[in-house]
Amino acid sequence: MTVPDEHLLILAAILFATGVAGFLLRRNAIIVLASIELMLNAANLSFVAGCRMHSTSAAVNLDGAIFTIFVILVAAAEAAVGLALVIALYRLKQTVHLDALNELEG
Amino acid sequence: MDRYLADLGLIAPELVLTLLSLVVLVWDLVTKGRDSRQVAYLSLAGLGVVAYLLLGQWGDLAATGGKAETVAFGMVTIDAFGTFFKLFTVGSLAVVILFVLADRRERKHGIGEYYFLLLGAGIGVFFMVSTNNLLLLMLGLELLSLASYSLAGFHKSERRSAEASMKYVIFGGLSAGIMLYGISLLYGLTGTIDLNEMGIADGSGWPVGLAAQFAQDPVPVAVAIVLILAGFAYKVSVVPFHFWTPDVYEGAPTPVTTFLAVASKAAGFAVLLRFVGALFLVEGVDSTVAAYGERIGLLIAILAAVTMTLGNLSALRQTSMKRMLAYSSIAHAGYVLMGLAAMTPAGFSAAMFYLAAYYFMNLGAFGFLLYFEGVNKSEDIDALKGMGWKAPVVSIVMVAFLVSLTGLPPTVGFYGKLLLFYEGVDAGLGWLVLIAALNSVVSLFYYFRIAKALFLSEPAEREAEPQPFFTGFLALLGVGTILFGIYTEPLQNWSETGTDSLGIAEASE
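Model, not experiment: these values are computed from the prediction.

Peer 1: Whenever I open this one, the overall build of chain A confuses me. Can you help?
Peer 2: Check the secondary structure of chain A and you find three helices and zero strands. N-terminal to C-terminal, the α/β element order of chain A is α-α-α. In summary, chain A has a C-alpha radius of gyration of 18 Å against a globular reference of 13 Å for 106 residues, an excess of more than 25%. Reported as C-alpha extents along the three principal axes, the dimensions of chain A are approximately 60 × 25 × 25 Å. In chain A, buried positions account for 40% of the 106 residues. Intrachain contacts of chain A at a sequence separation of at least 6 include 58% that bridge at least 24 residues. Summing over all exposed atoms, chain A offers an accessible surface of approximately 5,600 Å²; the carbon and sulfur share of this is 69%.

Written out as structure tokens, the structure is:
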């Protein structure tokens, strides 16, 4: 029994929507960064699904799979920078709440 | 093997820049950050080598009509379009490094990473402007973004700097997520991550061309393309992805703001032009795809109108010069988008010309801001009152930049705007040109508040300590702004060569 491609794409869309919703609704910097990771992983899942759709037993289309590896790398780098900034901010403000970012007028 | 070595020759500028950034990093570690000025001089010398290599490459490319050559299994595309932006990127990196050296509020020791991060961002720009492959494009864009996040928060113990970079990283992450999801959908639909293959594939087997997708069901592919465009729109701060711009520009150290406003934004536009060109305007494009391209053009035209209006109206009520320049850069993004919205090769080269003009006048304007931050310890426009008499050369040069930013003759900004307006009317976007013209009038008010503060007030009590080196440097940029406004031929030729190398054609009616 194999999972149909459509299911992968639907799951990716749900993950992406969850990430966007988390980004828009939560005000905690760490949750927001986690929501961004969720969006990147939705892209990963959809890349892998695309990879499977375009591959046959004779010819394998690896573009999507390789893209996924690079996205994982980028996500890690982005998390590293993001969390370092969260720490810097916590030292200054003793909070990671995004509403505390009010030095610069909106 | 020979082929491989020849390939390496083509990406020599990138290789040298990468090597330079590593040498800079190690040098800083070895000297334990005792004198960061040495690191800056080393970076400048290295950038000189890169510029020399790029000029040689430009010569070769221009001789053959700027034809594209692909390197590294088609990942990197070396063409006149990319080299045009690389040359300006190297120039603005050098200017930004000089700004860091001249910044009186910056430490002189232990800031070697500053230069390393700037060069790293430069490598990102180099790769993102010279590829038709979405993977390399994404990696270049992310390298630029990651370096920019760190640079914006360089003074991490300063509240404003830390806040700016936090906002930048969060909105940057969102746009990266949106863009990558868009790319994954586009890959899922077409089976390729190469823009050229998407544009011209015939639709039998994979890669499936865009034409077949649009004919079958336009909704998914349109969604994917709009998601990707949203990612680019963030980089060039087009409404509605501009929220971060004023805050990040205000909070970041001024040399970094200069880099973000000039090099990073222009690189974003380069990617935008290449993406739209490769998908919708490439020679031999399917008529269905071209028809959807026109709709995308209309969408861009609407965004351009909203962007320039919002940028200009918000700039009007700013009291901080840094924030005002941030909104002005949003407005300028709107003007450049006009050239893209025209969806013609001539419109693209007008956009390129305007970006070149934008380098000159914005580097100058931010340099002026930095100069007076050092003198006044304040970014307020009011603090400039009467200072024109105390620092006459810098202030007169600033008036030239302001004239150019407004788009009045005889400056490069005027000619750039003229080209954009002409191409806009030519493409049947008369309404957009009208809005842009009205916007230019609005921008006159806030730009000339600075000139008014400088010269039409009583001379200030304070003295401005002369900084001959910095002054001479700004004067040089000012001369460039006026000279290229009078002799427009060279810049115009360069941007036309650049556009030609994209291989895009007039849409056949």
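Peer 1: Is there a simple way to think about the interface of chain B and chain A in this case?
Peer 2: Interface size is commonly expressed as the accessible surface area that is lost when the partners come together. Contact with chain B, which involves 45 residues of that partner, is made by 44 residues of chain A. Across the chain B to chain A interface the summed buried area is about 3,900 Å²; carbon plus sulfur atoms make up 75%. When the buried surface of chain B facing chain A is broken down by residue, B:Arg159, B:Tyr181 and B:Tyr187 rank first, second and third, together holding 18% of it. Where chain B meets chain A, there are one salt bridge. We note a salt bridge from A:Lys93 to B:Glu163, for which the minimum N-O separation is 3.9 Å.

Peer 1: Even after reading the chapter, I still don't get the pattern of salt bridges, so can you show me in this structure?
Peer 2: Side chains that differ in charge, positive against negative, can pair when their charged atoms come close. Residue and element names in this part refer to chain B. Enumeration over the complete set of coordinates arrives at 14 salt bridges over all chains. Across the salt bridge formed by Glu379 and Lys322, the nearest N and O atoms sit 3.9 Å from each other. Taken together, the residues span a long stretch of sequence, with Glu379 in the loop between α15 (345–376) and α16 (392–406) and Lys322 in helix α14 (residues 321–341) at a distance of 57 residues. Each member of the pair, Glu379 as well as Lys322, carries the same accessibility label: buried.

Peer 1: In this structure, what is going on with the side chain of B:Glu373? I would like to understand it.
Peer 2: Inspection of the secondary structure puts B:Glu373 in helix α15. Overall, the relative accessible area of 2% leaves B:Glu373 in the buried class.

Peer 1: Which parts of the structure should I look at to understand the packing of aromatic side chains?
Peer 2: Inspection of the entire model under this criterion finds 28 aromatic pairs over all chains. Following the ring pairs from residue to residue traces out a cluster consisting of B:Phe99, B:Phe368, B:Tyr371, B:Phe372, B:Phe470 and B:Phe473.

Peer 1: In this structure, what is going on with α16(B)? I would like to understand it.
Peer 2: Note: α-helices contain 3.6 residues per turn, so residues at a spacing of three or four share the same orientation. Residue and element names in this part refer to chain B. Compared with an ideal rise of 1.5 Å per residue, which puts 15 residues at 21 Å, α16 spans 21 Å between its outermost C-alpha atoms and is within 8% of the ideal. Burial of α16 is extensive: eleven of the 15 residues sit out of reach of the surface. Of all the positions in α16, only Val394, Ser395, Val397, Met398, Ala400, Phe401, Leu402, Val403, Ser404, Leu405 and Thr406 are classed as buried. Buried residues belonging to α16 abut α14, α15, α17 (412–426), α18 (430–455) and α19 (468–486). Gly407, located one to two residues past α16, shows a positive phi value of around 95 degrees.

Quick notes on the rules
Residues numbered from 1 in each chain as written. Chains lettered and ligands numbered in written order. Predicted model: local features only at pLDDT ≥ 70, side-chain atom pairs only at ≥ 80, totals over all residues. Heavy atoms only, no water. Helix = DSSP H or I, 4+ residues; strand = E, 2+ residues; numbered from the N terminus. Rg over C-alpha atoms; globule rule 2.2 N^0.38 Å. Buried < 20%, exposed > 50% of the residue type's maximum accessible area, 1.4 Å probe, protein only. Contact = heavy atoms within 4.5 Å. Areas by Shrake-Rupley, 256 points an atom, 1.4 Å probe, with all protein chains shown as cover. Buried area = accessible area lost by both parts, 1.4 Å probe. Salt bridge = Lys/Arg side-chain N within 4 Å of Asp/Glu carboxyl O. Phe/Tyr/Trp six-rings, centres within 6.5 Å; stacked < 30°, edge-to-face > 60°. Expected span 1.5 Å × (residues − 1).

Remember, this is a structural readout, not a statement about activity or role.
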